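# Structure assessment
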Amino acid sequence: MYVQTSATPDYTMGYGEEMLETQLRATAENSAKFLLPYLRPGLRVLDFGCGPGTISVGLARAAAPGEMHGVDMEESLIEMARSVAASQRQDNAIFHVGDVTDLEFEDSFFDVAHCRSVLMHVPDTVAVLSEIKRVLKPGGIIACREMICDSAFTYPDFGIMKRSWDMFTDLVAADDGHPQMGKDLKGHILEAGFANIRMSASFSVYNSPVQIAHIHRLISQWLLSPEVAEAAIKYGASSERLVNDLQVAYDRWKEHPGALFTFAYGEAIANKPLS
């Protein structure tokens, strides 16, 4: 667990290699498809909580020659995002280390603001959404894609796999996060004063051998790791026996020909009112 002096203090997922591998798989095409029809050349775009920038560069490409600014609180991820942009020669992608509740931009600076799996980890969503509203132009777009943890399932379940996602849900909640944010998005965004909200949903599906191996590695090296398991036990979200039983089940699942993992995202597009 990470403790920082910020209105967005904890990031449950951490910054380990296995979690970074997951983030690097995300692109604008597979993770921000719901937003792409709204982008056009010349727009100024904000990607808040941008992580390693693999989604950001796709947003930058869609808005070129407009600017895309990515912001994240983790300096190592911003350095990686700059490298990603440089490798793709996406010169209009600019990255900043910063707190999304205290952005360095002036009022009404952006046409579009985007995030993926950010609000679910932020205790004070009001502070974040208020700041995003400030930096958006009147009529500007906010686009959010957030997990619905209750939707996650692993097949076959072996009578225990669902417990791993209960454990993850409890960990997010224990860090003052919002594990069901994907289905709570509409209420949060409307309460923040945005209008004309359009909701959609989509699934992330993992079923190829490479994808199954990745999920197995993520669970084994992150969720069931000694550090995270100890925190889960401390919070009452797990037990030593459950952690051991889940590892056995995931080892079995990895070799099963029918192995499948999927979960849903809620997606919201809304506008800052014109007045």
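Nothing here was measured: the structure is a model prediction, and the numbers come from that model. (Residues numbered from 1 in each chain as written. Predicted model: local features only at pLDDT ≥ 70, side-chain atom pairs only at ≥ 80, totals over all residues. Heavy atoms only, no water.)

With that settled, consider the overall build of the protein. Assigned secondary structure in the protein consists of 10 helices and seven strands. Computed over C-alpha atoms, the radius of gyration of the protein comes to 19 Å, within 12% of the 19 Å expected from 2.2 N^0.38 for 275 residues, which places it in the range of a compact globule. Along the first, second and third principal axes, the C-alpha set of the protein runs to 55 × 35 × 30 Å. Per-residue burial for the protein yields a buried fraction of 55% across its 275 residues. (Helix = DSSP H or I, 4+ residues; strand = E, 2+ residues; numbered from the N terminus. Rg over C-alpha atoms; globule rule 2.2 N^0.38 Å. Buried < 20%, exposed > 50% of the residue type's maximum accessible area, 1.4 Å probe, protein only.)

In this section: helix α7 (residues 181–191). The complete set of buried residues in α7 reads Met181, Gly182, Leu185, His188 and Ile189. Viewed end-on, α7 has its buried residues packed into an arc of 90°, placing them on one side of the element. Exposed and oriented more than 90 degrees from the buried face of α7 are Lys183 and Glu191. The inward-facing, buried residues of α7 abut α5 (125–135), β5 (136–155), β6 (195–206) and β7 (260–271). Gly193 sits one or two residues past α7 and shows a positive phi near 95°. (Arc of directions from axis to C-beta. Contact = heavy atoms within 4.5 Å.)

One can describe the packing of helix α8 (residues 209–223) onto helix α10 (residues 240–254) by two numbers: an axis separation of 10 Å at closest approach and a directional angle of 170°. In this view, α8 runs roughly antiparallel relative to α10, as classed from their interaxial angle. Mapping the contact onto sequence places Ile212, Ala213, Ile215, His216, Ile219 and Ser220 in α8 and Gln247, Tyr250, Asp251, Trp253 and Lys254 in α10. By residue class, the composition of the contact of α8 with α10 is six nonpolar, three polar and two charged. (Axes fitted to C-alpha atoms, helices over the stretch in contact; angles between N-to-C directions. Parallel < 35°, antiparallel > 145°, perpendicular 65-115°, else oblique. Nonpolar A, V, L, I, M, F, W, Y, C, P; charged D, E, K, R; others polar.)

Before going further, it helps to spend a moment on the packing of aromatic side chains. According to the stated counting rule, one finds 10 aromatic pairs in the structure shown. Relative to Phe168, the ring of Trp165 has its centre 5.9 Å away and its plane inclined at 80°; by these criteria the two rings are edge-to-face. A residue pair is termed a helical-turn pair when its members lie 3 or 4 positions apart in one helix, as Trp165 and Phe168 do in helix α6 (residues 162–174) at three residues. Of the two residues examined, Trp165 and Phe168, each falls in the buried class. Here Phe261 and Phe263 contribute two aromatic rings whose centre-to-centre distance is 5.5 Å and whose plane-to-plane angle is 45°, an arrangement assigned as tilted. Under the relative-accessibility criterion, Phe263 is labelled buried at 7%. One aromatic cluster is present, built from ring pairs that chain together Trp165, Phe168, Tyr206, Trp222, Phe261, Phe263 and Tyr265. Here the basic side chain of Arg44 rests over the ring of Phe109, its NZ or CZ set 3.9 Å away from the ring centre. A cation over an aromatic ring shows up here: Arg145 above the ring of Tyr265, its NZ or CZ 3.8 Å from the ring centre. (Phe/Tyr/Trp six-rings, centres within 6.5 Å; stacked < 30°, edge-to-face > 60°. Lys NZ or Arg CZ within 6 Å of the ring centre and 35° of its normal.)

Tracing the backbone through its elements, the reader meets Gly42 in the loop between α2 (28–31) and β1 (45–48). For the pair Gly42 and Glu67, spaced 25 residues apart in the sequence, the C-alpha separation amounts to 7.5 Å. Setting aside residues up to four positions removed in sequence, Gly42 forms contacts with Ala63, Ala64, Pro65 and Gly66.

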